[in-house]
Protein chains: 2
Amino acid sequence: MIDRLSALLGPAHVLTGKDAEAYGWDWGHGYFAQPLAVVRPASTAEVSAVVRLADETGTPVIPLSGRTGLAGGGQGEGALVISLERMNRIREIRPGARSAVVEAGVVLARLHEAVGEHDLIFPLMFGARGSAMIGGCLATNAGGSNVLRYGNTRDLVLGIEAVLPNGEVVDLLQDLHKNNSGYDLRHLLIGSEGTLGIITAAVVRLRPQPGAYATAMLGMDSLAPALGLLNRVQQATGGAVEAFEYMPGSYIADYLALHPEGRAPFEQSHPVNILIEIGALAPRDCTPGPDGVVPIAGYLEEVLGEMLEAGEITDAVIAGTGAQRAALWAIREAASEIAAQRHPMSILDVAVPLDRVGDFLTRADDVLASLDPGAGTSVVAHLGDGNVHYTIFPSSKDPMEKDRLVEAIEDVVADLRGAFSAEHGVGTHKLNTMARRKDPGALTAMRAIKAALDPKGIMNPGKLLPPQ
Amino acid sequence: MIDRLSALLGPAHVLTGKDAEAYGWDWGHGYFAQPLAVVRPASTAEVSAVVRLADETGTPVIPLSGRTGLAGGGQGEGALVISLERMNRIREIRPGARSAVVEAGVVLARLHEAVGEHDLIFPLMFGARGSAMIGGCLATNAGGSNVLRYGNTRDLVLGIEAVLPNGEVVDLLQDLHKNNSGYDLRHLLIGSEGTLGIITAAVVRLRPQPGAYATAMLGMDSLAPALGLLNRVQQATGGAVEAFEYMPGSYIADYLALHPEGRAPFEQSHPVNILIEIGALAPRDCTPGPDGVVPIAGYLEEVLGEMLEAGEITDAVIAGTGAQRAALWAIREAASEIAAQRHPMSILDVAVPLDRVGDFLTRADDVLASLDPGAGTSVVAHLGDGNVHYTIFPSSKDPMEKDRLVEAIEDVVADLRGAFSAEHGVGTHKLNTMARRKDPGALTAMRAIKAALDPKGIMNPGKLLPPQ
């Protein structure tokens, strides 16, 4: 096998033993699985050749790109790892059409930079952007902080190129905004976590770079008015809200404990803190007035002033400089670091309808307090899209006890018609939950699709679909 | 069979013979197929019961809703037609969350009205909105005139409920903006033209009603500057363009010949006419000034003035009243009527990359002129999303000759990496094209998915997938 792989790709791009080890670690969770080998193809044809060989020999395959996944979707003992890192070309940027053709191994931040030169953005934005690659973003349908304005990864993709489990290349690399010619395989492959094929390239949508941002932190006593507040700011700004992030007072306290050099957003702490960011597109909203203030910041100030007066919010601070904006975002982006401070822990990455986030938090806190009064939590939410990262720290080290707490909180999610995985995916971590919670008919249909497209079960086996 | 159906639904909702005939006609193309029977279930449970019976007896099933499809996807001799017309409840409107839960039989225009009462829109907009129903919109992933701002139907749907070919109900009726819990069956079923299951209800996204519109017709000598023009107006208005529709001078002439009471947009005719509409959301853009003009119209006037001065456009007229706006749209919405004036005809519903529409038109015209100098055309395009409706009127009545012309124009589409079906779908009309043009690996994957989910092949058989 190794010889045949070397013949296909050259020995320099077939790693085994110690050389392959780095690809076997899940850094976030600290466990390891030794790959059979790691191959680094440089083209779609090479990916196809490797997958054909895997198909012929019945070898399990794991596609990997930036290795920043949070659901354990990228490890497997004795599997052939196909690293997309050398497929790192931005094939084309088409500013007029607002699109780009990129390969799976392009690092997200590099794409941000490249399109920025054309005053355009690729609006997928999350903490791991300096390592995460396009292939993994698509395979997991990555979310992040700007979903409320721009959608999830799938909403930013016009076309894909992929290698199916039999090694066949599917060319759906279209730069089209309408295409009703059969089942949407693009959307089927996006978010399939590498279990139905390997996405090798994509046509992505670009958007104009906002000409100005206005960023503020709001202090409030309760989450109840938050959705009304979001809708009012959307109304006042013509739908310009880019991010609407929730952090409870305890999260701010945890941040300051971890970062003594950090700045508290307010002199007094507030139970509810919301980071809001607005991106203005029209020139009239972006051009600073005689006072140096951009109009969009003026509109935000106005609506926040009204809310302060009406008692709907308690406090508000608007970032006056880029440094102040960065300081506010630094608080929000410390979430993973804060969650990783204590063990055992479990991050529940859930979504609920926009008007039920407050309800979810109250009920989850109650459930946790009743089952494990000594448990701790760290909570942060992409409030504008209903996605809560609810991290629990059980008082017991017993994994069964942790599972019991997770299940009880998932009961609340199910009762509110939420999702047990909002943006991190299923991987291996959520397999039990998938078996317990997913609509049974949907699960049966997914198994049928998997068996139809990957009859030998070689493509990222053991991920996404629980064993029967 | 009829007895068992009657037992399930009551005899009043099982139509046969003459009573079933109306459901067997394709009005647009004037052909007929007699259904075995037409059933009208009133609930998802009833749809499920009927499909279970069809599965048990191996009876082919055709789901039907508003019967406005243009691709022949709703007829089949001897098939059991399941009409969704009685599943016509708007189950819930949730203004805070900007969503609604609607059943498959709700007429699109009725949903528009109902959400309008909350100052919200469901932004799917096309000519047949007074008859088309939600179920068909989803099954065909309907497009229309506002796709450039709001996306296709699939982009407006958060969750679905569906009955699979074995009769099982899948409940994915979620009001969630993030949900990474397995393969996206919602996107697989949307656009599958009833061949993988019957969508019975959906959670749809609502958007704020623009507070003001500005609508203009532009006259130009050539299509070349159009994309630059769109991007400039988007830039000037902060991305507020709702529609950007192209009509050549010959289309305007055809309209006026058909509607002597209609008004020409310009005194002189222009080779290129573009209908542009902007929808303003922010109050500052919507509130009329002392002169009674809303600011958004002022911005449009300003940018058009600059373009006139620079010679980028030849002429422009801005609608000053609602009646003038309606008159401009009346021209655009006469497209089907104009295309239906001559026979034989064939509507090529194609999409190309945004920056290749002009190239497509030039090349298609050349190909047609060389193959059939006596042929006519009627052309209209959703220019902002790259979708051209290129209707040909061959000089010969020989269907083989028509096919030859269609194939030659499809060669141009393929060469430009376009789609042979942009928004109308495949149905039965485009089966040959699907067989000829679709990526072979994609076609194989689609067949595998169809066989996996509908092993007996009872669900809208003979549609979308060409025979092998």
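Residues numbered from 1 in each chain as written. Chains lettered and ligands numbered in written order. Predicted model: local features only at pLDDT ≥ 70, side-chain atom pairs only at ≥ 80, totals over all residues. Heavy atoms only, no water.

## Here's the deal with the overall build of chain A
In step 1: Of regular secondary structure, chain A possesses 17 helices and 20 strands.
In step 2: Here the C-alpha atoms of chain A give a radius of gyration of 23 Å, agreeing with the 23 Å that 2.2 N^0.38 yields for 468 residues.
In step 3: Expressed as lengths along the three principal axes of its C-alpha atoms, the size of chain A is roughly 70 × 55 × 45 Å.
In step 4: Among the 468 residues that make up chain A, the fraction classed as buried is 58%. (Helix = DSSP H or I, 4+ residues; strand = E, 2+ residues; numbered from the N terminus. Rg over C-alpha atoms; globule rule 2.2 N^0.38 Å. Buried < 20%, exposed > 50% of the residue type's maximum accessible area, 1.4 Å probe, protein only.)

## With respect to the nonpolar core
In step 1: Counting residues in hydrophobic clusters, the biggest one holds 92 residues, and the most contacted among them are A:Phe122, A:Ile160, A:Val204, A:Ile449, B:Phe122, B:Ile160 and B:Ile449.
In step 2: The contact partners of A:Ile449, leaving out residues within four places of it in the chain, are A:Leu188, A:Leu196, B:Tyr183, B:Leu185, B:Leu188 and B:Leu453. (Core = buried A, V, L, I, M, F, W, Y, C linked by side-chain atoms within 4.5 Å. Contact = heavy atoms within 4.5 Å.)

## Looking at the environment of A:Cys137
Residues and elements named next belong to chain A.
In step 1: Mapped onto the fold, Cys137 is located in helix H5 (residues 134-139).
In step 2: Owing to a relative accessible area of 2%, Cys137 belongs among the buried residues under this scheme.
In step 3: Spatially, the C-alpha atom of Cys137 lies 27 Å from that of Gly58, the residues being 79 residues apart in sequence.
In step 4: Excluding anything up to four places from it in sequence, Cys137 contacts Leu108, Leu124, Phe126, Ala132, Ala142 and Thr153.

## Some remarks on the sheet that holds strand E7 (residues 90-94) of chain A
Residue and element names in this part refer to chain A.
In step 1: Ordered in space as E7-E8-E12-E10-E11, the five strands form an open sheet in which the pairing is antiparallel. Of all strands in the sheet, those with a lone pairing partner are E7 and strand E11 (169-172), marking the two edges. Ignoring which end each strand starts from, the neighbouring axes of this sheet average 15 degrees apart.
In step 2: Bridge count for strand E10 (residues 157-163) against strand E12 (residues 198-205) is six bridges, and the pairing is antiparallel. Each bridged residue has a counterpart across the sheet, and for Gly159 the counterpart in E12 is Val203.
In step 3: Sitting on the sheet, helix H4 (residues 108-116) is in contact with E7, strand E8 (99-103) and E12, with an inclination near 35 degrees to E7. (Pairing = 2+ DSSP bridges. Axes fitted to C-alpha atoms, helices over the stretch in contact; angles between N-to-C directions.)

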